[in-house]
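Tertiary structure, described
Here is how the chains run, residue by residue.
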Amino acid sequence: MSQTAASRHYAWAKQTDYNTQKAVAAGNFKELIMMDQNFLDYNVNTGDDGDWSTGANTITDQWVESHGNRVQHTMPAFAQQMGELFYMMLGQYAVATPGGGTLSRNHTFKPTDPATTRQNVAVSYLENVGGTGGVHNILARGMVGTGFSLKGSGVSPLMADFELAGSGFMLTDSAATWYPTATPTVTRRTGQHKLFNTQIGVVATDPANGNTTYGCRYRSFEFNYKQTMLDEASISPGCASFLTSGDQTSGAVRSSHEFDRQSLDYTMEVDILNQLELVRLQKQSPIALVLTATGGLIEGAIPFKLVWTIPIAKWTVAKPVVSGGMMRTTISGNALFDFATSKLFDIVLTNDTTTYATGW
Amino acid sequence: MSEKIYLKVPSEPAADEVAIGNFSAKLTPKEVITVENRRFADWLVNEWGCAEVDSPVGSRQSAEGSEEEEPKAQAKKNGGNK
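Residues numbered from 1 in each chain as written. Chains lettered and ligands numbered in written order. Predicted model: local features only at pLDDT ≥ 70, side-chain atom pairs only at ≥ 80, totals over all residues. Heavy atoms only, no water.

So, about the overall build of chain B. Helices and strands together make up the secondary structure of chain B, namely 1 helix and 5 strands. Mapped in sequence order, the helices and strands of chain B form the string β-β-β-β-α-β. Within chain B, the fraction of its 82 residues that count as buried is 40%. Pairs at least 24 apart in sequence give 60% of the contacts found in chain B among residues at least 6 apart. Per element, the accessible surface of chain B, about 4,800 Å² overall, is 45% carbon and sulfur. (Helix = DSSP H or I, 4+ residues; strand = E, 2+ residues; numbered from the N terminus. Buried < 20%, exposed > 50% of the residue type's maximum accessible area, 1.4 Å probe, protein only. Contact = heavy atoms within 4.5 Å. Areas by Shrake-Rupley, 256 points an atom, 1.4 Å probe, with all protein chains shown as cover.)

And the structure:
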């Protein structure tokens, strides 16, 4: 039977710690709805004796030293699915019920404080082609986030590009089952609510000039969060972590994967109006930048909503561009850590998911 | 064996549940929760207004001998309802 792009499936599940794979059991994984057609990049790192004095003019021996894997995906801005991405990428989380809410929850995400931990949550990740018993069934353990970009343009849904870096541990014959198998390993997602670029509002405030509400001038944005990772430290020889437990010849895998530096940069495009953005760039004005996406109602007067707040943003670029046949201003900048609120930025996501600390 | 650290949740916590990295805790008002990581405990105290107590039952006496008031939420507003 032929397999097409429609035969591809992805899923993940939050692990309790970096090294403990999520069990392949009914309902333990959640389907991931992705826009791309990417698959895991897996590599085996080998050593050989090519430079040794073996007496041969070529390689006579090659052995496995370690394994690595990485994958990039793009997910649509489903208000529910995105919370899992934010939880594993950012690491610091709180959930509370908004006033007047029963089903609704406000989920707050911000970058992990490294004074507490540098190990963010890892997921067990599934890829499949062809459903249960299909032609591609891999499970990768210990996948952590290295960064993501949330972006919007035109009248389309928002989307998030992201990258996962794995421990190198991978099963090539996962027994995970998929819909329509009864009580499958992977739970399908239903009732997902999309957020669109047409629901975006952006406000920039600086002490000298007050609020700028971009309103109809707003066109597009891209916010990029990155973490550099302590890659070299993550394969520790003393931990004796191998693809096959206890077997050094099977090759080493990571025993942890901690982050080093955290950063946020952003780009926006707005219709040109005046020189204010150039003034903000030249004076390096500290700007409080708030981007809001307001969706449909969950219950009562409470909508699905995403609010991304950068307490201290500074521009690095503010210049006219010709885009879509019009004169616009492109703005780029960085976020700075705000000691007053102890954050680089935060995201408040309002939806009908009870909690992201468990359940996926 | 990991040290057990007992923390009393404020009477009006700013969130229902919190997490950082692989650590998480439900913040049920006035309950005493047990954690085993000192840095996580410090985060709960500094960020969410929990107070360290001596045991799962009751609260620690101050140096002056008077009972401590129940800890109110002194957490930053980061995770609470807006």
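Turning our eyes to something else, we now look at the overall build of chain A. Assigned secondary structure in chain A consists of 3 helices and 21 strands. Taken over C-alpha atoms, the radius of gyration comes to 23 Å for chain A, in line with the 21 Å a tight globule of 360 residues would show. By residue count, 52% of the 360 residues in chain A fall in the buried class. For chain A, the exposed surface amounts to about 15,400 Å²; the carbon and sulfur share of it is 53%. Computed over 25 positive and 30 negative side-chain charges, the inter-centroid distance for chain A is 12 Å. (Rg over C-alpha atoms; globule rule 2.2 N^0.38 Å. Lys, Arg positive; Asp, Glu negative; His and termini not counted. Charge placed at Lys NZ, Arg CZ, Asp CG, Glu CD.)

The next point concerns the interface of chain B and chain A. Taken together, the 21 residues of chain B in the interface contact 33 residues of chain A. Summing both sides of the interface, chain B and chain A together bury roughly 1,900 Å²; the carbon and sulfur share of this comes to 45%. Applying the counting criterion to the chain B and chain A interface returns 1 salt bridge. A salt bridge links Lys110 of chain A to Glu47 of chain B, with the nearest nitrogen and oxygen atoms 3.1 Å apart. Applying the counting criterion to the chain B and chain A interface returns 8 residue pairs in polar contact (both at pLDDT 80 or more). The set of elements that each furnish at least two residues to the side of chain B that touches chain A consists of β2 (17–20), β3 (23–26) and α1 (38–48) of chain B. At 5 residues, α1 of chain B tops the list of elements feeding residues into the side of chain B that touches chain A. Residue classes in the side of chain B that touches chain A are distributed as 9 nonpolar, 6 polar and 6 charged. Note: strand β5 (residues 91–96) of chain A against β2 of chain B, 4 bridges, orientation antiparallel. Residue Ala94 of chain A lies in a different strand from β2 of chain B, and its bridge partner there is Val18 of chain B. (Buried area = accessible area lost by both parts, 1.4 Å probe. Salt bridge = Lys/Arg side-chain N within 4 Å of Asp/Glu carboxyl O. Polar contact = N/O pair within 3.5 Å; in protein donor to acceptor, adjacent residues only side chain to side chain. Nonpolar A, V, L, I, M, F, W, Y, C, P; charged D, E, K, R; others polar. Pairing = 2+ DSSP bridges.)

Next up on the list: the packing of aromatic side chains. Residues and elements named next belong to chain A. Taken as a whole and judged by the stated rule, the model has 23 aromatic pairs over all chains. Consider the rings of Tyr10 and Phe39, whose centres lie 5.7 Å apart with planes at 45°: the pair is tilted. Placement of Tyr10 in strand β1 (residues 8–14) and of Phe39 in the loop between β2 (29–32) and β3 (41–48) is noted, with a sequence separation of 29 residues between them. Residue classification places Tyr10 among the buried positions, given a relative accessible area of 3%. The class for Phe39 is partly exposed, based on a relative accessible area of 31%. (Phe/Tyr/Trp six-rings, centres within 6.5 Å; stacked < 30°, edge-to-face > 60°.)

With that out of the way, let us pick up the sheet that holds strand β5 (residues 51–53) of chain B. All names here are of chain B. Pairing is antiparallel in the open sheet, where 3 strands are placed in the order β4-β1-β5. The two strands at the open ends of the sheet, each matched to only one other strand, are β4 (32–35) and β5. Mean inter-strand twist for the sheet, computed between neighbouring axes without regard to direction, equals 40°. Contacts from α1 reach β1 (5–8), β4 and β5 within the one sheet, and its direction differs from that of β1 by about 10°. (Axes fitted to C-alpha atoms, helices over the stretch in contact; angles between N-to-C directions.)

A few words on helix α3 (residues 276–283) of chain A. Residues and elements named next belong to chain A. For α3, the complete set of buried residues consists of Leu276, Glu277 and Arg280. All buried residues of α3 project into a common sector of 100° when viewed along the axis, lining one side. On its buried face, α3 sits against β12 (200–206), β13 (210–213), β18 (287–299), β19 (302–323) and β20 (326–335). A positive phi of about 50° marks Gln284, the residue just after α3. (Arc of directions from axis to C-beta.)

Residue and element names in this part refer to chain A. With respect to burial, strand β9 (residues 159–165) is a largely interior element, 5 of its 7 residues being buried. Here strand β4 (residues 62–76) runs beside β9; their pairing, made up of 7 bridges, is antiparallel. When the bridges of β9 are listed, His73 appears paired with Phe162. As consecutive antiparallel partners, strand β8 (residues 136–152) and β9 are separated by 6 residues, and within that stretch Gly154 has a phi angle of approximately 60°, a positive value.

What follows concerns the environment of Trp12 of chain A. By the secondary structure assignment, Trp12 of chain A is in strand β1. With 127 residues separating them along the chain, Trp12 of chain A and Leu139 of chain A place their C-alpha atoms 9.2 Å apart.

That is the geometry; function is a separate question.
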